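# Working through the structure, step by step
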Amino acid sequence: MTKCTICSSPNRAEIEAALVKGTPLRQIEAKYRRAKSSIDRHARQCVPQAIAKAAEAREIKLADVLLEEVEALHSTAKEILHEARMSKDGVLALKAIAQARRNIELAARLTGKLEPEQETRKGVQLEEFLAIYRRVVVQE
Ligand SMILES: [Zn+2]
């Protein structure tokens, strides 16, 4: 792969801004003294790659933020479960367990450990659920 002269150009941002505005390539070529073919290649190859990379990074960041939220909700659900068990409120305990289970499913989905297909057919894998049940409910 040849090195792109536009990517390493100090005027890269200005050139990209001109491309976004729809400035004709020959004008960009004249202003920044870069080959029209280089500008064209940069616009067709480098820019879409950079956009894809940025979108991926943003998705990863969003998943991390969402996971933190789910973890906070899960802590709350566990606290409520604990209180329900202390006060022997079976109905509330079951609701907290159901919420904890949904939180676990969501966290598994966000971390890519649960495929959408598996999720709709089986929910959380039985073994995983039993392990969580023992840890959260039975508190082994
Ligand atoms: Zn480039």
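## As for the overall build of the protein
- Of the regular secondary structure elements, the protein holds six helices and zero strands.
- Helices and strands in the protein line up, N terminus first, as α-α-α-α-α-α.
- When burial is assessed residue by residue, the protein has 10% of its 140 residues classed as buried.
- Considering only contacts in the protein between residues 6 or more positions apart, those separated by 24 or more positions represent 47%.

## Comments concerning the nonpolar core
- One finds Ala 77, Leu 81, Ala 96, Ala 100 and Ile 104 forming the largest nonpolar core, which totals five residues.
- If you list the elements that add at least two residues to this core, you get helix 3 (36–86) and helix 4 (90–110).
- It is helix 4 that contributes the most residues to this core, three residues altogether.

## Some words on helix 3
- Here helix 3 is 51 residues long and its end C-alpha atoms lie 74 Å apart, about the 75 Å a rise of 1.5 Å per residue gives.
- Within helix 3 the residues assigned to the buried category are Ile 39, His 42, Val 70, Ala 77 and Leu 81.

## Considerations on the packing of helix 3 against helix 4
- For the pair helix 3 and helix 4, interaxial distance at closest approach is 9 Å and the crossing angle is 160°. Classified by the angle between their axes, helix 3 and helix 4 sit roughly antiparallel to one another. Seen from above, helix 3 lies across helix 4 with left-handed handedness. Taken together, the residues of helix 4 that come into contact with helix 3 (itself represented by Ala 63, Leu 66, Leu 67, Val 70, Leu 73, His 74, Ala 77, Lys 78, Ile 80, Leu 81, Ala 84 and Arg 85) are Leu 92, Ala 93, Ala 96, Ile 97, Gln 99, Ala 100, Asn 103, Leu 106, Ala 107 and Leu 110.

## Section: the environment of Tyr 32
- Within the fold, Tyr 32 resides in helix 2 (residues 25–32).
- In the structure, Tyr 32 is positioned 17 residues away from Ile 15 in sequence and 7.8 Å away in space, judged by C-alpha atoms.
- If near-sequence neighbours (up to four positions away) are discounted, Tyr 32 is found in contact with Asn 11 and Ile 15.

## Some details on helix 4
- With 21 residues, helix 4 extends 30 Å from end C-alpha to end C-alpha; this agrees with the ideal 30 Å at 1.5 Å per step.
- Looking one or two residues past helix 4, Gly 112 carries a phi angle of roughly 75°, positive in sign.

## A look at the packing of helix 2 against helix 3
- Contact pair helix 2 / helix 3: the axes reach a minimum separation of 9 Å and the direction vectors enclose 115°. Note on packing geometry: the crossing formed by helix 2 with helix 3 is right-handed. Only Lys 36, Ile 39 and Asp 40 of helix 3 make contact with helix 2, whose side of the interface consists of Leu 25, Arg 26, Ile 28 and Glu 29.
- Looking at the contact of helix 2 with helix 3 residue by residue, the classes come out as three nonpolar, no polar and four charged.

## Section: the environment of Arg 102
- One can find Arg 102 in helix 4.
- Between the C-alpha atom of Arg 102 and that of His 74, which follows or precedes it by 28 residues, the distance is 9.0 Å.

## Let's talk about unusual backbone geometry
- Within the chain, Arg 33 stands out as a residue other than glycine whose phi angle is a positive 50°.
- Position of Arg 33 relative to the elements: it lies in the loop between helix 2 and helix 3.
- Look at Lys 88: it is not a glycine, yet its phi comes out positive at around 50°.
- Along the chain, the position of Lys 88 falls in the loop between helix 3 and helix 4.

What counts and how
- Residues numbered from 1 in each chain as written.
- Predicted model: local features only at pLDDT ≥ 70, side-chain atom pairs only at ≥ 80, totals over all residues.
- Helix = DSSP H or I, 4+ residues; strand = E, 2+ residues; numbered from the N terminus.
- Buried ≥ 20, exposed ≤ 12 C-beta atoms within 10 Å, placed from the backbone.
- Contact = placed C-beta atoms within 7 Å.
- Core = buried A, V, L, I, M, F, W, Y, C linked by C-beta atoms within 7 Å.
- Expected span 1.5 Å × (residues − 1).
- Axes fitted to C-alpha atoms, helices over the stretch in contact; angles between N-to-C directions.
- Parallel < 35°, antiparallel > 145°, perpendicular 65-115°, else oblique.
- Left-handed = near helix turned anticlockwise from the far one by under 90°.
- Nonpolar A, V, L, I, M, F, W, Y, C, P; charged D, E, K, R; others polar.

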